[in-house]
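Per-entry structural report
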Amino acid sequence: KRKQPEVYYPNDERLNQAFVDFVEMRKKIKKPLVTDRAVTRAMNRLQRLSNGDNDLAIQILEQSIFHDWQDLYELKGGKNNQSNVKENIDWSKV
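This section reports on the structure supplied with the text. From a predicted model like this one, the values you see are computed outputs, not experimental measurements.

Quick look at unusual backbone geometry
Phi at N51 is positive, roughly 50°, even though this residue is not glycine. Relative to the helices and strands, N51 resides in the loop between α2 (36-50) and α3 (54-67). With a phi angle near 55°, D68 is a residue other than glycine that sits in the positive phi range. Along the chain, D68 turns up in the loop between α3 and α4 (79-87). We classify D68 as partly exposed; its relative accessible area is 44%.

Printed below as a string of structure tokens:
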């Protein structure tokens, strides 16, 4: 009998699949999320980093999966970083 995968985000299939993929990647790099507390911590961190934006959360998860990172980080070169750069430019001096 095959074990059914965990359902972390029942209301968003894409986000749930991205989180399942992140959990699987962590197992492959031999840094599994072994406790319920570790899973909850990762989910809470993802919520904070994405401000509740599921599309951004998926991008954050995909970034960590792509780089085999064991934690979740702010999106590199994302919308937030680009807008901050634009706001800091003094166009009158260009």
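After that view of the structure, there is still more to cover.
A closer look at the pattern of salt bridges
Charged atoms that come close allow side chains of opposite charge to pair. Using the criterion set out here, one finds 4 salt bridges in the structure. Notably, a salt bridge pairs E24 with K27, separated by 3.4 Å at the nearest N-O pair. Taken together, the residues E24 and K27, both in helix α1 (residues 13-28) and 3 residues apart, mark about one turn of the helix. Given a relative accessible area of 47%, K27 falls into the partly exposed group.

A look at α1
Compared with an ideal rise of 1.5 Å per residue, which puts 16 residues at 22 Å, α1 spans 22 Å between its outermost C-alpha atoms and is within 8% of the ideal. Burial in α1 covers these residues: L15, N16, A18, F19, V20, F22, V23, M25 and R26. The secondary structure elements touched by the buried residues of α1 are α2 and α3. Its side-chain oxygen 3.1 Å from the backbone nitrogen of R14, D12 forms the N-cap of α1. Just downstream of α1 lies K30, where phi reads positive at about 60°.

Reading guide: rules and limits
Each chain has its residues counted from 1, following the order in which its sequence is written. Local features are withheld for residues below a pLDDT of 70 in this predicted model, meaning they are given only at 70 or higher, and side-chain atom pairs are given and counted only at 80 or more; totals for whole chains, interfaces and linings count all residues. Side-chain measures here rest on the full set of heavy atoms in the structure, leaving out hydrogens and waters. To qualify as a helix, a DSSP run of H or I must reach at least 4 residues; to qualify as a strand, a run of E must reach at least 2; elements of each kind are numbered from the N terminus. Think of it in three bands: with a 1.4 Å probe and only protein chains considered, a residue is buried below 20% of the maximum accessible area for its type, exposed above 50%, and partly exposed in between. One side-chain nitrogen of Lys or Arg within 4 Å of one carboxyl oxygen of Asp or Glu is enough to make a salt bridge. Helix span, as expected, comes to 1.5 Å for every residue beyond the first. For this analysis, residues touch if any pair of their heavy atoms sits within 4.5 Å. Between N or O atoms, a polar contact is any pair within 3.5 Å; within protein, one atom must be a potential hydrogen donor and the other a potential acceptor, and residues adjacent in sequence are included only when both atoms are from side chains.

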